[in-house]
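Results of the structural survey
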Amino acid sequence: MAQFWRPGSERPRATLVDDEEGGVLFVSAPPPSSSSGFGHSSLERQRQRLPVFKYRDAILYLVENHATTIIVGETGSGKTTQIPQYLKEAGWAEGGRVVACTQPRRLAVQSVASRVAEEMGVKIGEEVGYTIRFEDQTNPSVTVIKFLTDGVLIREMMDDPLLTKYSVIMVDEAHERSMSTDMLLGLLKKIQRRRPELRIIISSATIEAKSMSTFFKARKKDLRHAAEDSVPSHLPAVLSVEGKGYTVEIHYVEEPVPDYLQAAVGTVLSINDKEPAGDILVFLTGQDDIDAAVKLLREDTQDDRRRTSGLLVLPLYSGLSRVDQDLVFAPTPKGKRKVVISTNIAETSLTLEGVVYVVDSGFSKQRFYNPISDIESLVVTPISKASARQRAGRAGRIQPGKCFRLYTEEYFLKEMPTEGIPEMQRSNLVSCVIQDPMISKMILSACNFGCSEEIITIAAVLSVQSIWVSMWGAQKEFDEVKLRFAAAEGDHVTYLNVYKGFLNSGKSSQWCYKNYLNYQAMKKVVDVREQLSRLLRRLGLALKSCEKDTQILRKAIIAGFFANSCHLEEYSYNGLYKTVRSSEEVYIHPSSVLFRVNPKWVVYHSLVSTNKHYMRNVIAIDPSWLIEAAPHFYQVRTPNLAPC
């Protein structure tokens with residue numbers, strides 16, 4: 001096995017070219033070694049076959065000598081799993097220090113951490129761990145490689161503003177330009193001024209390296225607090241790493257398709273009819289589209305077994321249960337062809353072994369915030385060329401593949417945007433300034449109202465994506481189960497009934513399955529509730545129960561969410577509400593227990609927009625409670641209550 005370059009030793013033998021304009025270094029890879037020494041008999045040999053292995057010495061050299069290193073690594077290069085291990089083996093995790101690697105998505109954090117732990121032969125949560133919101137699989141005395149989301153690392157800065165325990169922080173998939181990623185990069189640049197010894201690695205497949213290099217180029221006056229001989233170069237280094245990908249044939253449609261969902265399903269069936277063995281990855285926009293496509297393909301499987309007998313159709317999106325996620329990543333059974341229908345979560349980080357064919361709808365669902373109406377809309381928008389290339393690259397991981405784009409070549413070349421709009425330019429920035437303020441106010445008010453036991457349960461449920469699991473082909477049974485838990489007051493009280501049932505079942509996974517509940521989400525609710533309970537006790541606030549007094553409970557909720565009030569329009573026959581604050585037309589989301597009940601006044605937790613503006617997590621209220629909770633915000637005006 002090749003020797004690692006260790007910090008302080010002789011410069012590695014590699015071709016380094018200095019670019020004096022931007023302090024950019026490009027490394028030319030040496031000729032690939034003979035493949036005879038490599039095989040599939042061990043994880044170590046698999047690691048050595050990854051393209052990034054040839055750049056190991058150069059990466060470690062650049063990290064030692066530059067405060068910031070930007071690594072542009074193609075899909076399949078191995079940068080995400082290997083670079084943290086190289087850093088650990090080179091000594092960057094010695095003396096109680098930790099190497100951190102951030103990802104934009106929770107699912108990517110979990111899957112990458114599991115893979116690295118497997119390669120190192122350790123149990124997850126020991127030497128290799130991960131932290132996502134409300135789930136910490138680390139051991140402070142043992143963990144030396146830590147994977148976490150960008151948002152979690154930002155929250156860690158509240159307790160440790162300079163992130164002193166980390167020697168190297170690797171920000172992976174920076175090209176996605178999520179709000180947390182951009183925020184983190186800006187904060188890390190500030191931290192480097194106070195901690196010149198901190199090394200930052202920015203990693204991506206399609207990032208604009210020059211602009212990122214310019215952003216991190218430190219001024220010498222920013223380094224005046226450190227001794228000159230201890231400061232690494234303030235000029236960022238850029239390293240290009242080739243990928244392992246095989247050739248991918250790109251196919252376009254001749255004419256624009258009228259319905260991308262139907263076109264995607266038809267393309268899958270055509271691939272299954274005409275193409276050799278290999279799994280299929282389909283990119284659609286969101287859970288609704290994915291569920292519809294899964295339903296269509298499974299119906300085809302039942303109607304024409306000869307044509308689709310070998311298809312194993314599986315959805316993939318962020319709210320999926322752990323069991324369903326495991327099915328996606330499990331090896332394809334012999335004689336089957338796996339069809340994974342996914343959101344853009346599968347564009348980066350996640351590796352689906354066996355994918356040979358990609359079907360790209362050309363669209364994704366993105367959030368756009370309207371500051372005037374205070375509504376965040378989920379809008380189906382065209383993807384960028386960068387995303388299109390990322391999607392196509394998923395087809396060439398194990399052998400030459402094919403990508404079927406459901407848009408014309410002319411559109412790709414002339415009209416498709418080069419890059420997507422960064423999330424920071426289209427999002428509500430409140431959460432960046434203050435963490436979860438409405439829920440915090442609700443919890444603190446509950447302590448005064450004497451219902452904190454119930455409110456922290458509600459807060460815990462609101463902190464997870466969804467506790468429900470909608471089963472394909474079982475909508476009627478699903479609705480009947482929800483009705484058994486439903487409370488007339490609304491969703492928040494319904495969640496208390498669900499939580500009580502979960503505890504009474506002994507936190508049973510089988511009970512969750514029978515009641516269409518996400519077992520992992522319910523376990524997370526228990527964990528979050530315990531964290532909130534500990535926090536209140538630490539603050540000296542007593543936990544009290546309101547003993548089924550739902551009026552007090554709802555008043556506590558209003559204390560936090562008074563700004564999110566709506567009233568039912570007079571003579572409305574279709575459930576039309578208007579927000580008190582801005583008179584926006586909104587509707588109760590079909591997932592709510594108050595859907596079609598339509599109380600006259602409600603307060604909601606969040607608004608989301610698809611074809612309509614929908615209120616999620618809704619509770620019925622008395623409008624007089626709004627004036628009690630927020631006299632500074634509301635005044636009585638005939639015929640309706642109005643904000644001041």
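Please refer to the structure higher up on the page.
Residues numbered from 1 in each chain as written. Predicted model: local features only at pLDDT ≥ 70, side-chain atom pairs only at ≥ 80, totals over all residues. Heavy atoms only, no water.

Observations concerning the side chain of T149
As for its placement among the helices and strands, T149 is situated in strand β7 (residues 145-149). In contact with T149, other than residues within four places in its own chain, are T102, Q103, R105, R106, V109, T131 and I132. (Helix = DSSP H or I, 4+ residues; strand = E, 2+ residues; numbered from the N terminus. Contact = heavy atoms within 4.5 Å.)

Observations regarding the sheet that holds strand β14 (residues 337-342)
A sheet is described by the order of its strands in space; here 6 strands give the open sequence β11-β18-β15-β12-β14-β13, paired in parallel fashion. At either margin of the open sheet sits one strand with a lone partner, and together these are β11 (248-252) and β13 (311-316). Averaged over all pairs of adjacent strands, the angle between strand axes in this sheet comes to 20 degrees, irrespective of strand direction. Bridging between β11 and strand β18 (residues 401-405) involves 5 bridges; their strand directions are parallel. Note that in β18 the partner of H251 across the bridge is F404. (Pairing = 2+ DSSP bridges. Axes fitted to C-alpha atoms, helices over the stretch in contact; angles between N-to-C directions.)

A closer look at unusual backbone geometry
Comment: phi is negative for the bulk of residues other than glycine, and the bulk of peptide bonds are trans. Positive phi values are uncommon outside glycine, yet L163 reaches one of about 50 degrees. By the secondary structure assignment, L163 is in the loop between α5 (150-159) and β8 (166-171). Look at R596: it is not a glycine, yet its phi comes out positive at around 75 degrees. Looking at the secondary structure, you find R596 in the loop between β21 (585-588) and β22 (601-609). The exposure class of R596 is exposed, given its relative accessible area of 68%. (Buried < 20%, exposed > 50% of the residue type's maximum accessible area, 1.4 Å probe, protein only.)

Focus: a nonpolar patch on the surface
Taken together, the side chains of V430, V433 and I434 define a hydrophobic patch exposed on the protein surface, amounting to about 280 Å² of accessible area. Here V430 shows up in helix α14 (residues 430-433). (Patch = residues over 30% accessible without salt bridge, like charges linked within 9 Å, V, L, I, M, F, W, Y side chains within 5 Å. Areas by Shrake-Rupley, 256 points an atom, 1.4 Å probe, with all protein chains shown as cover. Salt bridge = Lys/Arg side-chain N within 4 Å of Asp/Glu carboxyl O.)

Re the nonpolar core
Core analysis: the biggest nonpolar cluster contains 56 residues, and I455 and I467 have the highest contact counts within it. Examining the composition of this core, we find that 7 residues originate from one element, helix α16 (residues 452-462), more than from any other. Sequence-distant contacts of I467, defined by excluding residues within four places in its chain, comprise V461, Y495, V498, Y516, L517, N518, A521, M522 and V525. By size, the runner-up hydrophobic cluster in this structure holds 41 residues, among which are L281, I341, A346 and Y357. (Core = buried A, V, L, I, M, F, W, Y, C linked by side-chain atoms within 4.5 Å.)

Digging into the sheet that holds strand β6 (residues 135-137)
Consider a sheet: its strands pair through backbone hydrogen bonds, and that pairing is either parallel or antiparallel. Reading across from one edge, β6-β5-β7-β4-β8-β9-β3-β10 is the order of the 8 strands in this open sheet, with mixed pairing throughout. Two strands close off the open sheet at either side, each with one partner strand: β6 and β10 (237-241). Strand-to-strand twist of the sheet, defined as the mean angle between neighbouring strand axes without regard to direction, takes the value 20 degrees. In terms of strand pairing, strand β3 (residues 68-73) meets β10 through 5 bridges, oriented parallel.

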